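Structural description and commentary
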Amino acid sequence: MNKLLTFLCFLVLLLVPLSRAGQDPSDTFEVFAKLHDFDVEDEDDVLEALDVPSWHSGHSNKVLVNVDGFGAVGDGVADDTQAFINAWKQACSTPKSVLLVPEGRRYLVNATRFRGPCADRIVIQIEGTIVAPDDPKSWDPKNPRTWLVFNNLTKVYFQGKGVIDGSGTKWWAASCKKNKSNPCESAPTALTIESSSAVRVKGITVKNGQQMNFVIGRSDSVRVIDVKVSAPEDSPNTDGIHITQSTNVVLQNCKIGTGDDCISIVNASSNIKMKNIFCGPGHGISIGSLGKDNSTGIVESVVVDKAFLRGTTNGLRIKTWQGGSGHVRAVRYQDVRMENVTNPIIIDQFYCDSPKSCENQTSAVNITQIMYRNITGTSRSQKAMRFACSDTVPCTHIILNNINLQSSDGTVETYCNSAAGIGYGYINPSAECLSSSDKDAQIVQPTTQHILHTEL
């Protein structure tokens, strides 16, 4: 506590010059203190809080429901969908049940929704491989956006060393992002957990998603630990873990490499904590995109604590469309190492992932209270830090502390447009372009001279 008080007193002294420049230091001080206290639990604390069961220990008090017992063949050729549906019905209606997908087999399963609520805590033990049909032409048109969906569950546990394989190769080839002559159509998400609470996912691998790999939607209290997500670097829109409309989500000790964002966090999400994350290849750890088609986007209270990003197109990114509303606030990135990353730190309020140029608009998602602490590594681009913010809705309260980003090909620099904040400790490249006054950051109306940034 004494160290914290000393540290905050130092910050107050540091902020005194800002008050002379027109910015109220008490606002930034309050923001900083709030972010400083928003910590990530240790893994042991997370596991203890969830009281995680194991079907291996105390096996006698668990009811084992093996998909093989319901006619699943597991040769990767025969359709095992109905066997999985029947096994789920049995497990979901039976207290203390374990739905087992045995190791050493490949189970071909079509688009399926596993619905709750269930009778009691259910364990889904995945030891083998669940594989999707590989031909988009044979996909069920009633489920164009999903493959395996787990819905309306409470206190459910996904465990094991098994694999969920979306067989996405032909879906990627049919994407308009791979071939502009193809129609732009959506593809399924491999694994979706929605409208659920007290969910724990540990140890499994999700790979080759047809589009997104793993989505957490409209859920609360979700813990994802020791999970691997993978897809080829050139696979389009294959976000690793996508969080939407969810609260109290912890991602811990996860290794993610895909063709899109390793982690993406979008509207109506809060209290998202990430610790010990490996990302690469991919497009980095992203908040957004938000605000598309003049929509409202809100994301707040996000922490990235200890991450390593290698060879990604972005590192720590916040991306919003012009014309949106809402806010991104109370975000802390700390102890992050970059290696050969194109855009290590980037805020882009002019995001435009569209074949057409985007119209300049004055409204924007407000971005404020963003902290970067102990960020090191190498940048592939000259602009290692880029704060491209709206002239009418500037980025405010950006805090930089101990930043060291280098380039093997020469010097690096920071780009700022309508961004206000402070830096202390060692800052490389220099961030003197950050305005020390919110008032100073409100410059002019947008003009057609703005560069519109496409998907990186």
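To be clear, the structure that these remarks concern was listed above.
Throughout what follows, the structure given in this document is the object of discussion. (Residues numbered from 1 in each chain as written. Predicted model: local features only at pLDDT ≥ 70, side-chain atom pairs only at ≥ 80, totals over all residues. Heavy atoms only, no water.)

Covalent bonding between the sulfur atoms of two cysteines is what defines a disulfide. Enumeration according to the criterion identifies six disulfides in this entry. Across the disulfide from Cys92 sits Cys118; the S-S distance is 2.1 Å. Disulfide Cys92-Cys118: the torsion about the S-S bond is -105 degrees, which places it as left-handed. Highlighted residues: Cys92 in helix H4 (residues 81–92) and Cys118 in the loop between strand S5 (112–115) and strand S6 (122–126), separated in sequence by 26 residues. Residue Cys92 shares its accessibility class with Cys118, and that shared class is buried. Across a sulfur-sulfur distance of 2.1 Å, Cys176 and Cys184 are joined as a disulfide pair. Disulfide Cys176 to Cys184: torsion about the S-S bond roughly 110 degrees, handedness right-handed. On the accessibility criterion, Cys184 (63% relative accessible area) is exposed. Bonded cysteines in the protein are paired 1-2, 3-4, 5-6, 7-8, 9-10, 11-12 when counted in the order they occur along the chain. (Disulfide = S-S within 2.5 Å. Helix = DSSP H or I, 4+ residues; strand = E, 2+ residues; numbered from the N terminus. Buried < 20%, exposed > 50% of the residue type's maximum accessible area, 1.4 Å probe, protein only.)

The next point concerns the pairing of strand S12 (residues 197–202). A regular strand places its side chains so that they alternate between the two faces of the sheet. Bridging between strand S9 (residues 154–159) and S12 involves five bridges; their strand directions are parallel. Paired with Tyr157 across the bridge in S12 is Arg200. Pairing between S12 and strand S15 (residues 220–225): five bridges, direction parallel. When the bridges of S15 are listed, Val201 appears paired with Val224. (Pairing = 2+ DSSP bridges.)

To continue, consider the sheet that holds strand S23 (residues 314–320). Pairing is parallel in the open sheet, where eleven strands are placed in the order S5-S8-S11-S14-S17-S19-S21-S23-S25-S27-S29. Strands with a single pairing partner mark the edges of an open sheet, and in this sheet they are S5 and strand S29 (413–417). Strand-to-strand, the axes of this sheet are offset by a mean angle of 15 degrees, without reference to chain direction. One ladder, built from three bridges, connects strand S17 (residues 241–244) with strand S19 (residues 263–265); its direction is parallel. Across the sheet, His242 pairs through a bridge with Ser264, a residue of S19. Relative to the sheet, H4 contacts S5 and strand S8 (146–151), its axis offset from that of S5 by approximately 5 degrees. (Axes fitted to C-alpha atoms, helices over the stretch in contact; angles between N-to-C directions. Contact = heavy atoms within 4.5 Å.)

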